[in-house]
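Commentary on secondary and tertiary structure
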Amino acid sequence: MQSLKQGRSKVAFAGDSLLPELTQAAQANGKLGARRVAVGDLDRDTIAQMWSVFRCYYADISRDRFLADLSEKQYVIVLFDHGDRSVQGFSTIQVLRRSFNDKPYIAVYSGDTIINPAYWGQTALQGGFYRFLMGLMVKNPLTPIYWFLISKGYKTYLLVSRGCPDHWPRHDQATPPQVKGMLNQLATEKFGQDWKPELGVLQFAVPAGRLKEGVAPIDTAALAYPDIRFFAERNPGHEKGDELCCLAAINLKLGVFYVAKLLRKTIRRQINKFKA
């Protein structure tokens, strides 16, 4: 694993002047922030906090496996409370440059992802990840970019189904052959025989982690939504740790979609302030 840097007990990133030293009086305020960090720049205390959050909500995991997975990634989006800078979640990132049918492409693979349920409903993770994707697209304007996501929980699947206009698999259209081929290539490379292409899911011979009972269960009310119902049907073994493999196109349509979403959110906020 890359060398780790010693640091204070809150989120501390090497050379990061945007997160100043906090006093002992600092209190959590419930507002989530996001920061992209290179894995090699994570200090030991931040990694310890990441593991602490992860093990609270996942079963069939080990710290060694967590660290091994982290060492394969280039970046982490660390989610922290704006008040006391305590870690409240994270998502790991690996950038893969591949070619399919003699056409080069970039796949951004999302590894371990978790958010403290107390902070659910906030959009810090989506914002931090989209900024990373848009930056990658600007640096690689001629190369198609895709988000490669595996999901054992429906809330993770919603990141693509409700955050990316062009995503697969989906309830309202078939997956194009080119996308199927890239998905099969990526899943086979990373997961070998655990990848079941006929099902579109990963079924691990050795348990690789699953959400603990009671974390993001799919109830009758959730099944009323077509995308959640589709996830449950396509990945019936999600409670055992099976993962649905997904691919989403990172393109100009996504950029326009994200900006429009931000504008709608800002307008709603202003209207609510006016009504108050």
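What you are looking at is a predicted structure, and each value in this text was computed from that prediction instead of being measured.

Further remarks concern the packing of helix H1 (residues 44–57) against helix H2 (residues 63–72). At their nearest, the axes of H1 and H2 sit 11 Å apart, and the two run at 120° to each other. When the interaxial angle is binned, H1 and H2 end up oblique. You can see that H1 and H2 cross each other, and the crossing is right-handed. Between H1, through Ile-47, Met-50, Trp-51 and Phe-54, and H2, the contact on the second element is made entirely by Arg-63, Phe-66, Leu-67 and Leu-70.

The next subject is the nonpolar core. Membership of the largest hydrophobic core comes to 39 residues, with the highest contact counts inside it found for Val-108, Leu-133, Trp-147 and Ile-250. By residue number, the principal contributor to this core is helix H3 (residues 124–139), which donates nine residues. Look past the residues within four positions of Leu-133 in its chain and what remains in contact with it is Val-108 and Ile-250.

On inspection of all chains with the given rule, the structure shows 14 aromatic pairs. Judged by centre distance (5.9 Å) and plane angle (70°), the rings of Phe-66 and Phe-90 are edge-to-face. Of this pair, Phe-66 sits in helix H2 while Phe-90 sits in strand E4 (residues 87–100), and the two are 24 residues apart along the sequence. Neither Phe-66 nor Phe-90 differs from the other in exposure class; each is buried. Members of the aromatic cluster, joined through ring pairs, are Trp-51, Phe-54, Tyr-58, Phe-66 and Phe-90. Sitting over the face of the ring of Tyr-75, Arg-36 holds its NZ or CZ atom 5.1 Å from the ring centroid. The ring centre of Tyr-225 lies 5.1 Å from the NZ or CZ of Arg-162, which sits over that ring.

A few words now on the confidence of the model for the protein. Mean pLDDT over the protein stands at 85; residues scoring 70 or higher make up 81%. For the protein, per-element mean pLDDT is lowest for strand E10 (residues 210–211), which scores 64, and highest for strand E8 (residues 195–196), which scores 98.

Evaluation of the coordinates by the stated rule reveals six salt bridges. With a closest N to O distance of 2.9 Å, Lys-73 and Asp-69 form a salt bridge. The pair Lys-73 / Asp-69 is uniform in exposure class, with both members buried.

On to the environment of Ser-52. The residue Ser-52 is located in helix H1 in this model. When its relative accessible area of 31% is taken as the criterion, Ser-52 is described as partly exposed.

A separate point is the state of the cysteines. All told, the structure shown has zero disulfides when counted by the stated rule. Between Cys-245, a cysteine without a disulfide, and Cys-246, which holds the nearest cysteine sulfur, the sulfur-to-sulfur distance is 7.2 Å. For Cys-245, a relative accessible area of 1% translates into the label buried.

Conventions adopted
Residues numbered from 1 in each chain as written. Predicted model: local features only at pLDDT ≥ 70, side-chain atom pairs only at ≥ 80, totals over all residues. Heavy atoms only, no water. Axes fitted to C-alpha atoms, helices over the stretch in contact; angles between N-to-C directions. Helix = DSSP H or I, 4+ residues; strand = E, 2+ residues; numbered from the N terminus. Parallel < 35°, antiparallel > 145°, perpendicular 65-115°, else oblique. Left-handed = near helix turned anticlockwise from the far one by under 90°. Contact = heavy atoms within 4.5 Å. Core = buried A, V, L, I, M, F, W, Y, C linked by side-chain atoms within 4.5 Å. Buried < 20%, exposed > 50% of the residue type's maximum accessible area, 1.4 Å probe, protein only. Phe/Tyr/Trp six-rings, centres within 6.5 Å; stacked < 30°, edge-to-face > 60°. Lys NZ or Arg CZ within 6 Å of the ring centre and 35° of its normal. pLDDT = per-residue confidence, 0-100. Salt bridge = Lys/Arg side-chain N within 4 Å of Asp/Glu carboxyl O. Disulfide = S-S within 2.5 Å.

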